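Topology and contacts: notes
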Amino acid sequence: MSIFGIVLFLLIGGMAFWMLLFLLGFVLPYWITLGVFEKMRPKRIFEEETKH
């Protein structure tokens with residue numbers, strides 16, 4: 001039964017490792033890039049809400 005515990009621990013640890021690797025490798029740079037483009041985009045004072 002202790003083998004099952006060790007395998008379960010390694011399985012959960014491996015899933016956590018790959019999730020962190022995915023977050024640091026893809027999601028974090030994507031989020032930073034979106035934030036940078038949002039800051040670089042010129043702001044409009046008057047939004048065009050009334051289009052008839």
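Reference entry: report on the structure contained in this document. (Residues numbered from 1 in each chain as written. Predicted model: local features only at pLDDT ≥ 70, side-chain atom pairs only at ≥ 80, totals over all residues. Heavy atoms only, no water.)

1. Side note on the overall build of the protein
Looking only at helices and strands, the protein features one helix and zero strands. By residue count, 0% of the 52 residues in the protein fall in the buried class. Counting only carbon and sulfur atoms, one obtains 76% of the accessible surface of the protein, whose full area is about 5600 Å². (Helix = DSSP H or I, 4+ residues; strand = E, 2+ residues; numbered from the N terminus. Buried < 20%, exposed > 50% of the residue type's maximum accessible area, 1.4 Å probe, protein only. Areas by Shrake-Rupley, 256 points an atom, 1.4 Å probe, with all protein chains shown as cover.)

2. Details of the packing of aromatic side chains
Pairs of aromatic rings are described using the distance from one ring centre to the other and the angle between the two planes. Evaluated as defined, the whole model comprises three aromatic pairs. Seen in terms of ring centroids, F26 and Y30 are 6.0 Å apart; in terms of plane orientation they differ by 10°. Their pairing is stacked. A residue pair is termed a helical-turn pair when its members lie 3 or 4 positions apart in one helix, as F26 and Y30 do in helix α1 (residues 2–40) at four residues. Of the residues examined, F26 reaches a relative accessible area of 48% and is grouped as partly exposed. (Phe/Tyr/Trp six-rings, centres within 6.5 Å; stacked < 30°, edge-to-face > 60°.)

3. Structural notes on the pattern of salt bridges
Under the criterion given, the structure shown has one salt bridge. Residues R41 and E38 are paired through a salt bridge, measuring 3.3 Å at the closest nitrogen-oxygen approach. Take R41: its relative accessible area is 49%, and that puts it in the partly exposed class. (Salt bridge = Lys/Arg side-chain N within 4 Å of Asp/Glu carboxyl O.)

4. What to know about a nonpolar patch on the surface
On the surface, a cluster of nonpolar side chains totalling about 780 Å² of accessible area is made up of M19, L20, F22, L23, F26, V27, Y30 and L34. With respect to the secondary-structure elements, L23 resides in helix α1. Residue L23 is classed as partly exposed on the basis of its relative accessible area, which comes to 35%. (Patch = residues over 30% accessible without salt bridge, like charges linked within 9 Å, V, L, I, M, F, W, Y side chains within 5 Å.)

5. What about α1?
The terminal C-alpha atoms of α1, which comprises 39 residues, lie 55 Å apart, in line with the 57 Å expected from a rise of 1.5 Å per residue. The largest bend along α1 measures about 35° and falls at L23. (Expected span 1.5 Å × (residues − 1). Bend = angle between axes of the 7 residues up to and from the residue.)

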